[in-house]
Amino acid sequence: MTEGITPVAQVMSADKIRKTTRVAKCAGDCDAEVPSAILRSTLDKLKIKMADKSESSRKVNDIVNHIMDHMKTNTECFREVKDLRTGSYYENLKISNPDEFDVMLTVPVTRVAVKKFGDDGAFYSAALKRGKHPLNRFMHEDDTISAFDMLKEFRKEVKACVKSIKDVGVEKKKKGCPAVTLQITGTKTAISLDVVLSLEVQTSWPLFTNGGFRIEGWLGTKVKLNYKQKEPYYLVPKYEGKGTVEREGIVAKDAWRISFSHVEKSILKNHGSQKTCCEAGGTRCCRKDCLKLLKHLLSLLKEKQPSLSKFCSYHAKTTLLHACCTRTKDSEWEASTLSHCFQLLLEDFERHLKDRNLPNFFIPTQNLLTGTDRKSCEMLARCISEERNNGFPIFHV
């Protein structure tokens, strides 16, 4: 008998010995081979079938084009409207089903004075400088545009337009929501389409953005300057809290929230520090895979814990954007290190939750977790930690 080895070990099959050695090695040297396999398997399940994607996008495109034609033909105030496709579907980050779409219908405004509303830099009033403009009918005596009145008119026109379209219904208006939500049936997958009104502002980005959008080390200083000098920003008719709250003569329901969703879409599509990242012939990274997994994990945890309902996929996306500015090199996001990268992203998210602080990627003075309570943040951080430390049992369901 070999010294130090029990009779049971001696008769153990060679296959079992190899398996035991592999698991032990993994436990000491890497993030764990088994969780990595689980993550890959989960991503496979989240892939959307091309046939379903084509059917849904074709239906959405037809409806959006119909709305655009209606606005240009039948209205004066929305005649110059343009469409801007944003959100997870158009960022190639949609998971499971092609069932949610976001389309901004933007009205360009020039010679506009934008003034902050509140202290966090995310909300503004917008005043048109004197002169003839299709939006004059929505202006107050101080020349500010009433977000409430403009959204009300926009909603009325969208409802009138889709009334004649088969299998399309309009959801009841939600307080403070800038979108007209359409429910589309008659397809394999029921679709929710958010048609969001916005103003396209062709001026310099507000001063509150100066400390944000820190992509210099990730995508480069020239890329950042190009965005800030050439890209507009958007204002959507959204407010927080009570719509009757007044600041300097402006009520909250007439305020606008700033949006850079088009820039988010662009940098997520061109996300590598090297231009060839994820392109044909280039090295593939796992940035988007990590975000898909985090979104899926958050969704599953919310299903189990209804008290976590205030957390959303935008919290996950913002966490990834900050992470990309911290771990800037493509080599830190190689596809082969998915498990490790996902663990780090979850640690980032847990840290934001424990601190109850997740700065807006573009406006660092706005904390995206202000609307969540500390107890919920701590609960979500604890749930994520448990999943991370136990090999993601929730992904087996």
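Residues numbered from 1 in each chain as written. Predicted model: local features only at pLDDT ≥ 70, side-chain atom pairs only at ≥ 80, totals over all residues. Heavy atoms only, no water.

### Remarks on the overall build of the protein chain
Then comes step 1: Across its full length, the protein chain carries 12 helices and 11 strands.
Then comes step 2: Principal-axis analysis of the C-alpha atoms gives the protein chain an extent of 100 × 45 × 45 Å.
Then comes step 3: The buried share of the protein chain, taken over its 397 residues, is 50%.
Then comes step 4: When contacts within the protein chain are restricted to residue pairs at least 6 apart in sequence, long-range pairs at least 24 apart make up 66% of them.
Then comes step 5: Of the roughly 20,400 Å² of accessible surface on the protein chain, 50% is carried by carbon and sulfur atoms.
Then comes step 6: Here the protein chain holds 66 positive side-chain charges and 50 negative ones, and the gap between their average locations is 2 Å. (Helix = DSSP H or I, 4+ residues; strand = E, 2+ residues; numbered from the N terminus. Buried < 20%, exposed > 50% of the residue type's maximum accessible area, 1.4 Å probe, protein only. Contact = heavy atoms within 4.5 Å. Areas by Shrake-Rupley, 256 points an atom, 1.4 Å probe, with all protein chains shown as cover. Lys, Arg positive; Asp, Glu negative; His and termini not counted. Charge placed at Lys NZ, Arg CZ, Asp CG, Glu CD.)

### Some remarks on the side chain of Ser 57
Then comes step 1: Turning to its location among the elements, Ser 57 is positioned in helix 4 (residues 50-74).
Then comes step 2: From its side chain, Ser 57 meets the backbone oxygen of Ser 54 in a polar contact 3.2 Å long.
Then comes step 3: With sequence-adjacent residues up to four places away left out, Ser 57 is seen in contact with Tyr 89 and Phe 101. (Polar contact = N/O pair within 3.5 Å; in protein donor to acceptor, adjacent residues only side chain to side chain.)

### Considering the confidence of the model for the protein chain
Then comes step 1: Across the protein chain, the average pLDDT comes to 87, with 91% of residues at 70 or higher.
Then comes step 2: A low-confidence stretch, residues 1-33 (pLDDT under 50), is modelled with 13 contacts involving residues beyond four sequence positions or located in other chains. (pLDDT = per-residue confidence, 0-100.)

### Looking at the pairing of strand 8 (residues 233-236)
Then comes step 1: The alternating pattern of strand 8 places Tyr 233 and Leu 235 and Tyr 234 and Val 236 on opposite faces, both of which are buried.
Then comes step 2: Of the strand pairs in this sheet, strand 7 (residues 191-201) and strand 8 are connected by three bridges, and their pairing is antiparallel. Looking at strand 8, one finds that Glu 200 is bridged to Tyr 234.
Then comes step 3: Sheet topology note: the strand 8/strand 11 (residues 256-259) ladder contains three bridges and is antiparallel. Directly across from Leu 235, in strand 11, lies its bridge partner Ile 258. (Pairing = 2+ DSSP bridges.)

### Looking at the packing of helix 8 (residues 261-269) against helix 10 (residues 313-326)
Then comes step 1: Packing of helix 8 against helix 10 brings their axes to within 12 Å, and their N-to-C directions diverge by 55°. Comparing their axes, helix 10 and helix 8 come out oblique. With respect to the hand of their crossing, helix 8 and helix 10 are arranged in left-handed fashion. Across the interface between the two elements, Glu 264, Ile 267 and Leu 268 from helix 8 touch Tyr 314, Lys 317, Leu 320 and Leu 321 from helix 10.
Then comes step 2: Classifying every residue of the contact of helix 8 with helix 10 gives five nonpolar, no polar and two charged. (Axes fitted to C-alpha atoms, helices over the stretch in contact; angles between N-to-C directions. Parallel < 35°, antiparallel > 145°, perpendicular 65-115°, else oblique. Left-handed = near helix turned anticlockwise from the far one by under 90°. Nonpolar A, V, L, I, M, F, W, Y, C, P; charged D, E, K, R; others polar.)

### Notes on the packing of aromatic side chains
Then comes step 1: For the structure on display, the rule yields 13 aromatic pairs.
Then comes step 2: Look at Trp 205 and Phe 213: their rings are 5.5 Å apart centre to centre, the planes differ by 50°, and that puts the pair in the tilted class.
Then comes step 3: Taking the relative accessible area as the measure of exposure, Trp 205 reaches 7% and is therefore buried.
Then comes step 4: By relative accessible area, Phe 213 is classed as buried at 1%.
Then comes step 5: Ring centres of Phe 361 and Phe 362 lie 5.4 Å apart, and the angle between their planes is 85°; this geometry places the pair in the edge-to-face category. Phe 362 matches Phe 361 in its accessibility class, with the two residues each being buried.
Then comes step 6: Put simply, the rings of Trp 205, Phe 213, Tyr 227, Tyr 233, Phe 260, Phe 361 and Phe 362 pair up and form one aromatic cluster.
Then comes step 7: The aromatic ring of Phe 117 is capped on one face by Arg 247, whose charged end is 5.2 Å from the ring centroid.
Then comes step 8: The ring of Phe 148 carries the charged tip of Lys 253 above its face, separated from the ring centre by 4.4 Å. (Phe/Tyr/Trp six-rings, centres within 6.5 Å; stacked < 30°, edge-to-face > 60°. Lys NZ or Arg CZ within 6 Å of the ring centre and 35° of its normal.)

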